[in-house]
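Fold and contact review
Okay, here's what each chain looks like letter by letter:
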Amino acid sequence: MKKLVYITLVMIVFGSAIQAQKTSFKIKGSDTCLPVILKESEEFMKKNPNTSIMVTGGGSGVGLGALITGTTEVAMASRKMKLDEKLKMQDAAKAFTEKIFANDALSVVVNPSNKIDRLTREQLEGIFTGKTKNWKELGGVDLTIVVYSRETSSGTYEFFKEHVLNNKNFASSVLSMPATGAIIQSVGQTKGAIGYVGLAYIEKSVKALKVSFDKGKTYVEPTVENAKNKSYPITRPLYIYYLKSIEKTVNPFLSYILSAEGQKLVLEVGYVPLK
Amino acid sequence: MVVAMLFVILFFICIRGIKVINWEFLTTMPKDGMTKGGILPAIIGTFTLMFGSMLFAFPIGVLSGIYTNEYLKESWFKSFLRSMTNNLAGIPSIVFGLFGMALFVNKLHFGDSIIAGSLTLGLLALPVIIRTTEEALKSVDMSLRTGSYALGATKLQTIRRVVLPVAFPNILTGLILSMGRVSGETAPILFTVAAYFLPKLPHSIFDQVMALPYHLYVLTTSGTDIEATRPIAYGTAFVLIMIVLIFNLMANWLRRYFSKKVKMN
Amino acid sequence: MNKSQRKKIEKIVEGVLFSSSTVTSITVIFIIIFLFNEGIGLFRSKPIEVGYFMAVNKDNPVKQLSPSDIDLIFNQDITNWSKLGGKNDSIILFTYNNITSYISEDSLGANQEYLPAQMNKFISSTSGVIAFFPESFKPKNLIATVLPIKNVKISEFLMGKNWYPTNQPAAQLGILPLILGTLWVSFGAILIALPLGLATAIYLAEVADKRLRNILKPLIELLAGIPSVVYGFFGLVVIVPLVQKTFGLAVGETALVGSIILGIMALPTIITITEDAILTTPQSQKEASLALGASRWQTMVRVIIPYSKSGIAAAIILGIGRAVGETMAVLMVTGNASVIPHSFLQPVRTIPATIAAELGEAPVGGLHFKALFALGIVLFIITFGINLAVEIIKSRTRRA
């Protein structure tokens, strides 16, 4: 008897899951992209009450993995799809489209008490690969440099490695933080700290550095303006991947993001609009 | 000393947490990149997972406890089952997370969903329920059983009418304790159900949910404005502790209440 | 309802009961199967990314490279072939990303249709070259030595000192720092928790009166009930800055903080088990000791503790087991630097924290994903061994 009740209960729960749906799709992936896409989807759903969009994070790898296994229709990523993943998409016979919807500028941050306010790419490479160990070597006070980085698997980590470290390895002694917020927190309370975060995350408790990619000729401040006109060098695109099979459903949302109004939201959240 | 430590932790979080607690905090959605608003979806998610996992773990756990204690005689099989249960209890929660991800999320294609998370948490809670059920059954006086048999009752009748009613309060205590435990787990739900942020409450068991422990983790480590989210983090920690506390106290109270009642009889 | 029907029902119920009692065993077996299924795959894959090939000039005497050599080459730590047993010739890195610094963009063609041919020309004419390209660009008649890449070895995995799971072109999957980090933090936790736990247990069992016990015990159980994220949160905002200031460290996220937090978390386990062990000391032995004129303290040290030795041992091992598997709190406070630890005042990275932090971003089914499952196996084996040890100790005590 008890068993029967149990079974019917399970059936009811299952049954409610397979209800009729309006146009709806899921977006999943990078936590970097999450704040923008979330905001965009909120505004979009206000205007199109018939569409329901589920946005969840988890990471670029999770999102693209879900796209391959079919648990999501749209993936957002802070890195380009890897060849490995492309091959898997081919194996699964799934055609997809890649779109860039915004840019993100990575800024190098230090503790506000640090007097240094500018560094060259070469100096950054020295710091993050562990060759430069004390602020004194860079003209600062005698203080050990504490390097904070993101987890090895994050898109942010890979981008920074590729574009700032010239593909060299981070020193193994860097402290890796599970998320950007933790980097801000730690850099804010550690005097000798240095780390890198997305432009949107910068706040009073940390100081953003000007950087130079031309051996110290010009130093550029990380601002939305400088990122937009491409004078700030550490800028990366943010991607959306979606299955070709649901192009019609996704298109209105995509064109909303790329519209002037959508791009204004990108700016509001703290990222860099495309135009 | 140990107790002092406990109080330091509790007070620290309660004093800061209680300031942000109000009706609105408990009943509204997060707003503005989680720097404002409440934690309603996380609370609902935690309770959903709690009941979801129990729906699965409680019947199996109790049945399994009954079987090992009432049906099985001391044998290699019984000690094998025991040690398996103990082993399951000793497996780190992150390994449950890995397993849940491999089996429920990827293999069975549930995706990140309430059902995958509930099953993973249910497996985690299973040993606790089995053990408390066994303990509860053991504490039932043998004379009650022999008396029932003497009156001509079958084994099943004896268990249903005599043993279970007496053992029930203690089994219930086990249930409540494991609910408290499940509500605080983070690692198993990380890859099976937990969502960073959801604009809506879940509709079906294949949706993801937010959950209090994961929400606290997210609030402390991510978020675009750590300073602004700090009060919310304290509030979330406070609510989480309160839930665990209430479940623990409830179990304790139940245990005492029933033990008194039994004595009076 | 007649008798035969009733008998049938009894049989069915017994069957249901039996099958539910096997669920735990099945789960354990399933966990093993699934972990191994994903994790063992690691040792069947190559440490370079799928779909790429690596080649050197035909005349280069170096015909084979280990993953760590490859990493050193591409990290520009090794810049001359002579260090790898080759000719005295500087190494020229040649990849898809830097191809335009060797071959002009125009000569590659608008759709890179001439890329394979140009690549072939460059590789065959440059003696110091090492090329790393997607298979899709591989020329049909490649004039070069394609380096055979061996599968990841178990010994490399367990004893390797570098954990760079996402490195291009060759991932570095050495988990030694992670294993040591995990053990380091766990032993630290026991070092902190054991004296405290032992003292509390003795106090509860021997000194405290019944009323006080009734208040204290549930409180200690409550300590066990607090979720680990809350501990992590508390550690991050209170203990990390505290440790940083007291020891004047450059950085507060250290093994010590992890040990303190884990120590607090392991306390309830240690207290409960030790107390049980102490309570089983026969009253007669205690009384005999007291009657011989021993003080209470002497009785405690000479009689009670030796008698409950194995119980205390079980508590220690179980406590370590808890600490080894703890994830969230450690992830939040230890700084997660994958270095082999030398002191407690240094950041460390543990196995569970690594899994929790990296699994989300790792491509499903890829090398990194498999490596994390293999880490799960290592963790599982450690805790399984610990459980086994506890069982053995327990059964020995029972016999004694």
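Looking only at helices and strands, chain A features 10 helices and 11 strands. For the C-alpha atoms alone, the extent of chain A along its principal axes is close to 75 × 50 × 35 Å. Partitioning the contacts of chain A with sequence separation of at least 6, the portion at a separation of at least 24 is 71%. Total accessible area computed for chain A in this model is approximately 11,500 Å², and 56% of it derives from carbon and sulfur atoms.

Helix and strand counts for chain B stand at 11 helices and 2 strands. Tracing chain B from N to C terminus, the helices and strands come up as α-α-β-β-α-α-α-α-α-α-α-α-α. Along the first, second and third principal axes, the C-alpha atoms of chain B reach 70 × 45 × 35 Å. When burial is assessed residue by residue, chain B has 61% of its 265 residues classed as buried. By sequence separation, contacts in chain B at least 24 residues apart represent 74% of the contacts at least 6 residues apart. Accessible surface computed for chain B: about 10,600 Å², of which carbon and sulfur atoms make up 67%. Here chain B holds 22 positive side-chain charges and 12 negative ones, and the gap between their average locations is 9 Å.

Residue and element names in this part refer to chain A. With domains assigned, chain A is organised as domain 1 (24–103 + 237–269) and domain 2 (105–228). With 8 residues of domain 1 at the interface, the matching set in domain 2 holds 7 residues. When domain 1 packs against domain 2, the two sides together hide about 520 Å² of surface, and 49% of this comes from carbon and sulfur. When residues of domain 1 are sorted by the area they lose upon contact with domain 2, Thr32, Arg79 and Leu267 head the list and together hold 46% of the total. Counting every contact that joins domain 1 to domain 2 gives 0 salt bridges. Taken together, the links from domain 1 to domain 2 amount to 0 residue pairs in polar contact (both at pLDDT 80 or more). Its residues assigned to classes, the side of domain 1 that touches domain 2 shows 2 nonpolar, 3 polar and 3 charged.

Attention now goes to the pattern of salt bridges. Residue and element names in this part refer to chain A. The full count for this structure, using the stated rule, is 18 salt bridges over all chains. A salt bridge links Arg79 to Glu85; the nearest nitrogen and oxygen atoms lie 3.0 Å apart. Glu85 shares its class with Arg79; the two are buried. What you see here is one network of salt bridges that share partners, running through Arg121, Glu122, Glu125 and Lys168.

A few words now on helix α2 (residues 23–40) of chain C. Compared with an ideal rise of 1.5 Å per residue, which puts 18 residues at 26 Å, α2 of chain C spans 25 Å between its outermost C-alpha atoms and is within 8% of the ideal. For α2 of chain C, the complete set of buried residues consists of Val23, Thr24, Ser25, Thr27, Val28, Ile31, Phe34, Leu35 and Gly39 of chain C.

Looking now at a nonpolar patch on the surface. A surface patch of nonpolar side chains, amounting to about 330 Å² of accessible area, comprises Ile26, Ile29, Phe30 and Ile33 of chain C. Structurally, the position occupied by Ile26 of chain C is in helix α2.

What follows is about the interface of chain B and chain C. Between chain B and chain C, the contact holds 70 residues from the first and 65 residues from the second. Across the chain B to chain C interface the summed buried area is about 5,900 Å²; carbon plus sulfur atoms make up 81%. The interface formed by chain B and chain C holds 3 residue pairs in polar contact (both at pLDDT 80 or more) in total.

All right, on to the packing of helix α1 (residues 3–21) of chain C against α2 of chain C then. All names here are of chain C. Two elements in contact, α1 and α2, have axes separated by 4 Å at closest approach and are oriented at 35 degrees. Residues Ser19, Ser20 and Ser21 of α1 touch α2, and the partners they reach there are Val23, Thr24 and Ser25. Of the residues that constitute the contact of α1 with α2, the class distribution is 1 nonpolar, 5 polar and no charged.

The next point concerns the pairing of strand β8 (residues 193–198) of chain A. Residues and elements named next belong to chain A. By the criterion of burial, β8 is predominantly enclosed, with 6 of the 6 residues buried. With 5 bridges joining them, strand β4 (residues 96–110) and β8 adopt antiparallel strand pairing. What sits directly across from Val110, in β8, is Ile194. Relative to β8, strand β6 (residues 146–150) runs parallel, the two sharing 2 bridges. Paired with Val146 across the bridge in β8 is Ala193.

Let us look at a positive patch on the surface. A cluster of basic residues, Lys3, Arg6, Lys7 and Lys11 of chain C, forms a positive patch at the surface. For Arg6 of chain C, the position within the fold is in helix α1.

Here we come to the pairing of strand β2 (residues 92–95) of chain C. Residue and element names in this part refer to chain C. In this sheet, strand β3 (residues 129–134) lies alongside β2 in parallel orientation, the contact comprising 4 bridges. What sits directly across from Ile92, in β3, is Val129. Crossover handedness for the path β2 to helix α4 (residues 115–125) to β3: right-handed.

Our focus in this paragraph is the side chain of Asn169 of chain A. Along the chain, Asn169 of chain A turns up in the loop between α6 (155–163) and β7 (175–177). When its relative accessible area of 8% is taken as the criterion, Asn169 of chain A is described as buried. Polar side-chain contacts of Asn169 of chain A include one of 2.8 Å to the side chain of Asp71 of chain C. Not counting chain neighbours up to four residues away, the residues in contact with Asn169 of chain A comprise Phe128, Thr129 and Lys161 of chain A together with Asp71, Asn75, Tyr164 and Asn167 of chain C.

What follows deals with the side chain of Asn134 of chain A. Residues and elements named next belong to chain A. The residue Asn134 is located in the loop between α5 (121–128) and β6 in this model. Looking at Asn134, the relative accessible area reads 14%, which means it is buried. Within polar-contact distance, the side chain of Asn134 engages the side chain of Asp142 at 2.9 Å. Not counting the four nearest positions on each side in its chain, Asn134 is found in contact with Val141, Asp142, Leu143, Thr144 and Ile145.

This part is about the sheet that holds β3 of chain C. Residues and elements named next belong to chain C. Spatially, the 4 strands line up as an open sheet ordered β2-β3-β1-β4, and their pairing is mixed. Bordering the open sheet on either side are β2 and β4 (145–146), each of which pairs with just one other strand. With 5 bridges connecting them, strand β1 (residues 52–56) and β3 associate as antiparallel partners. Considered in β3, the bridge of Val56 is made with Ile130.

The subject of this paragraph is the packing of aromatic side chains. Applying the stated criterion across every chain, the model contains 36 aromatic pairs over all chains. For the ring pair Tyr157 of chain A and Phe170 of chain A, a centre distance of 4.6 Å and an interplane angle of 20 degrees mean the geometry is stacked. Remark: Phe170 of chain A occurs in the loop between α6 and β7 and Tyr157 of chain A occurs in helix α6; sequence separation between them is 13 residues. Between Phe94 of chain C and Phe122 of chain C the ring centres are 4.5 Å apart and the planes differ by 40 degrees, which places this aromatic pair in the tilted class. Of this pair, Phe94 of chain C sits in strand β2 while Phe122 of chain C sits in helix α4, and the two are 28 residues apart along the sequence. Residue Phe94 of chain C is classed as buried on the basis of its relative accessible area of 0%. Among the residues examined, Phe122 of chain C registers a relative accessible area of 15% and is labelled buried. By the ring-pair criterion, three or more aromatic residues cluster together here, those being Phe99, Phe104, Phe110 and Phe206 of chain B together with Phe30 and Phe34 of chain C.

Here the focus is unusual backbone geometry. For Lys230 of chain A, which is not a glycine, the phi torsion comes out positive at approximately 70 degrees. Exposure remark for Lys230 of chain A: the relative accessible area of 62% places this residue in the exposed category. Here the phi dihedral of His109 of chain B falls at roughly 60 degrees; this positive angle occurs in a residue that is not glycine. With respect to the element layout, His109 of chain B can be found in the loop between α5 (93–107) and α6 (114–138).

Each value, and the rule that gives it
Residues numbered from 1 in each chain as written. Chains lettered and ligands numbered in written order. Predicted model: local features only at pLDDT ≥ 70, side-chain atom pairs only at ≥ 80, totals over all residues. Heavy atoms only, no water. Helix = DSSP H or I, 4+ residues; strand = E, 2+ residues; numbered from the N terminus. Contact = heavy atoms within 4.5 Å. Areas by Shrake-Rupley, 256 points an atom, 1.4 Å probe, with all protein chains shown as cover. Buried < 20%, exposed > 50% of the residue type's maximum accessible area, 1.4 Å probe, protein only. Lys, Arg positive; Asp, Glu negative; His and termini not counted. Charge placed at Lys NZ, Arg CZ, Asp CG, Glu CD. Domains from an automatic or database assignment. Buried area = accessible area lost by both parts, 1.4 Å probe. Salt bridge = Lys/Arg side-chain N within 4 Å of Asp/Glu carboxyl O. Polar contact = N/O pair within 3.5 Å; in protein donor to acceptor, adjacent residues only side chain to side chain. Nonpolar A, V, L, I, M, F, W, Y, C, P; charged D, E, K, R; others polar. Expected span 1.5 Å × (residues − 1). Patch = residues over 30% accessible without salt bridge, like charges linked within 9 Å, V, L, I, M, F, W, Y side chains within 5 Å. Axes fitted to C-alpha atoms, helices over the stretch in contact; angles between N-to-C directions. Pairing = 2+ DSSP bridges. Right-handed = clockwise from strand over helix to strand, strands pointing away. Phe/Tyr/Trp six-rings, centres within 6.5 Å; stacked < 30°, edge-to-face > 60°.

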